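Inside the fold
Here is what each chain is made of, one letter per residue.
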Amino acid sequence: MRMPHIAILLGFALVLAGCADTGLKTVRKPGNGPDEFLVLPSKPLTAPESYTLLPPPTPGGANLTDQNPNADAVAALGGNPAAVASAGSIPSSDAALVTSASRYGVPPDIRVTLAEEDADFRRRRGRLTNIRLFNVDRYADVYRRQAIDPNSELQRYRSAGAVTPTAPPNSGR
């Protein structure tokens, strides 16, 4: 009589362990804590070659040890970080592309609009996704219809005659 009780208890523990939330598969932010990606370490302090050639200090201005993520990304990708002027400026080489893309107008609040539409989409698609017997990837579940199959797109481009790079083998997913 002891064996069925132990089996039921182990089965219950197994079902309860399957309900654990790993945190990486949820679409929503897990808590109210700080965002660790907003903290930027400063660059190391270095002594200048000549103190007389330094520009005069400007209150509220940029510091040589301040991070500049845009220029750092351009430099990491092999570009010229000096060409990155200020946020929002468009290089002359991209002016035609930006003009073509914005020919029908650019709403100034596009990011807010997209964030609201995405939140509404996830709310509509997520009504019954909270009821699960097993741990599932909620992000993939919500956005499944919007996902692109890279292998079928590769075949579509190749059959249209576009030159495409080689691709990794199909993983069978």
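The structure presented is a predicted model; accordingly, all values stated were derived computationally and were not measured.

Structural notes on the overall build of the chain
- Helix and strand counts for the chain stand at six helices and zero strands.
- From first element to last, N terminus to C terminus, the chain shows the α and β order α-α-α-α-α-α.
- Among the 173 residues that make up the chain, the fraction classed as buried is 6%.
- Here the contacts in the chain between residues at least 6 apart in sequence split such that 34% fall between residues at least 24 apart.

Observations regarding the environment of aspartate 141
- Mapped onto the elements of the fold, aspartate 141 is located in helix α5 (residues 138-142).
- As a C-alpha pair, aspartate 141 and arginine 125 span 16 residues in sequence and 8.9 Å in three-dimensional space.

Focus: a nonpolar patch on the surface
- Taken together, the side chains of Met3, Ile6 and Leu10 present a nonpolar region at the surface, about 340 Å² in accessible area.
- In this structure, leucine 10 sits in helix α1 (residues 2-18).

A few points about the pattern of salt bridges
- Using the criterion set out here, one finds one salt bridge in the structure.
- One salt bridge in this structure joins glutamate 153 and arginine 156, with 2.8 Å as the shortest N-O distance. Pair noted here: glutamate 153 and arginine 156 are both in helix α6 (residues 150-159), with a separation of three residues, about one helical turn.

Brief notes about the confidence of the model for the chain
- On average, residues of the chain score 76 in pLDDT, and 76% of them are at 70 or above.
- Per-element mean pLDDT across the chain ranges from 72 in α5 up to 89 in α6.

Here is what the cut-offs are and how they apply
Residues numbered from 1 in each chain as written. Predicted model: local features only at pLDDT ≥ 70, side-chain atom pairs only at ≥ 80, totals over all residues. Heavy atoms only, no water. Helix = DSSP H or I, 4+ residues; strand = E, 2+ residues; numbered from the N terminus. Buried < 20%, exposed > 50% of the residue type's maximum accessible area, 1.4 Å probe, protein only. Contact = heavy atoms within 4.5 Å. Patch = residues over 30% accessible without salt bridge, like charges linked within 9 Å, V, L, I, M, F, W, Y side chains within 5 Å. Areas by Shrake-Rupley, 256 points an atom, 1.4 Å probe, with all protein chains shown as cover. Salt bridge = Lys/Arg side-chain N within 4 Å of Asp/Glu carboxyl O. pLDDT = per-residue confidence, 0-100.

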